[in-house]
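Chains, contacts and geometry: an overview
So you can see what is in the structure, the chains are spelled out below.
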Amino acid sequence: WYKGKLPHRDKIGLLQFITFRQANSLPQNVLTEIGLELEHMVEQKKKVEKRKRYEYWADQGLGSCALAHREMAMETQATLLHHDPGKYDLIAWSIMPNHVHTLIKTKIKLGKIIQSWKSYTGRWAIKHNAKFNLGIEIDSHQFWMADYWDRYIRNKDHFNNTIRYILNNPAKANLPKDHIAYKFRGLRIW
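I will try to describe carefully the structure that is included in this document.

1. Overview of the packing of aromatic side chains
Two numbers describe a pair of aromatic rings. These are the distance of the centres and the angle of the planes. Throughout the structure, instances matching the rule amount to eight aromatic pairs. Ring plane angle 85° and centroid distance 5.4 Å describe the contact between Y88 and W117, whose orientation is recorded as edge-to-face. Here W117 lies in helix α4 (residues 110-132) and Y88 lies in strand β2 (residues 88-95), a separation of 29 residues in the sequence. As far as the burial class goes, Y88 and W117 line up, both buried.

2. Focus on the packing of helix α3 (residues 70-82) against α4
At a closest axis distance of 10 Å, the pairing of α3 and α4 adopts a crossing angle of 160°. One way to sum up the angle between α3 and α4 is to call them roughly antiparallel. Seen along the crossing, α3 lies across α4 with a hand that is right-handed. Across from E71, M72, E75, T76, T79 and L80 in α3, the residues of α4 making contact are W117, Y120, T121, W124, A125 and F132.

3. Some thoughts on the sheet that holds strand β5 (residues 185-187)
Taken in spatial order, the five strands of this open sheet run β4-β1-β3-β2-β5, and their pairing is antiparallel. Two strands in the sheet have a free side with no partner beyond their single neighbour: β4 (149-152) and β5. With direction set aside, neighbouring strand axes in the sheet form an average angle of 20°. Along the sheet face, α3 touches β2, β3 (99-106) and β5 and points at about 165° away from the line of β2.

Rules used in this analysis
Residues numbered from 1 in each chain as written. Predicted model: local features only at pLDDT ≥ 70, side-chain atom pairs only at ≥ 80, totals over all residues. Heavy atoms only, no water. Phe/Tyr/Trp six-rings, centres within 6.5 Å; stacked < 30°, edge-to-face > 60°. Helix = DSSP H or I, 4+ residues; strand = E, 2+ residues; numbered from the N terminus. Buried < 20%, exposed > 50% of the residue type's maximum accessible area, 1.4 Å probe, protein only. Axes fitted to C-alpha atoms, helices over the stretch in contact; angles between N-to-C directions. Parallel < 35°, antiparallel > 145°, perpendicular 65-115°, else oblique. Left-handed = near helix turned anticlockwise from the far one by under 90°. Contact = heavy atoms within 4.5 Å. Pairing = 2+ DSSP bridges.

See the structure below:
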């Protein structure tokens, strides 16, 4: 979600709320506008506001929205489920048109998990772009934004609120009830 490297809490056994998005999901003019709006804020408040604004804009469905195509959403969901429960416990997920939310308990380094998800699905998307009319600009050679946003779960309330956020994200984004995003979200009894 951010330019540059984000600090990540990468400790095995943590419950982690993760969001990653398509590289073209936030156009440069939106990023510039957000930067200008926040430039005079105190750093700690700026981080929170920046995340909120990025979430808002991601929910606007900008970019190619390749994840709104059934085949891409199916492949992404299958990828999330592939190493559960071996490398992580997948607790909740939501595949939105241009970004993904997950809640997992890590069993290996978080960076390796995210890299695996993004590497496989990114290659799949570029390979199948024309076949499924995903709308990806192949010249960029980048399907996903390089970084990701993560937040470790602090307590039971945070856990429950995170699950609600993930599962309600299609409604929060005002997607119609028949939108594919409602079909590609889930909760594992944990």
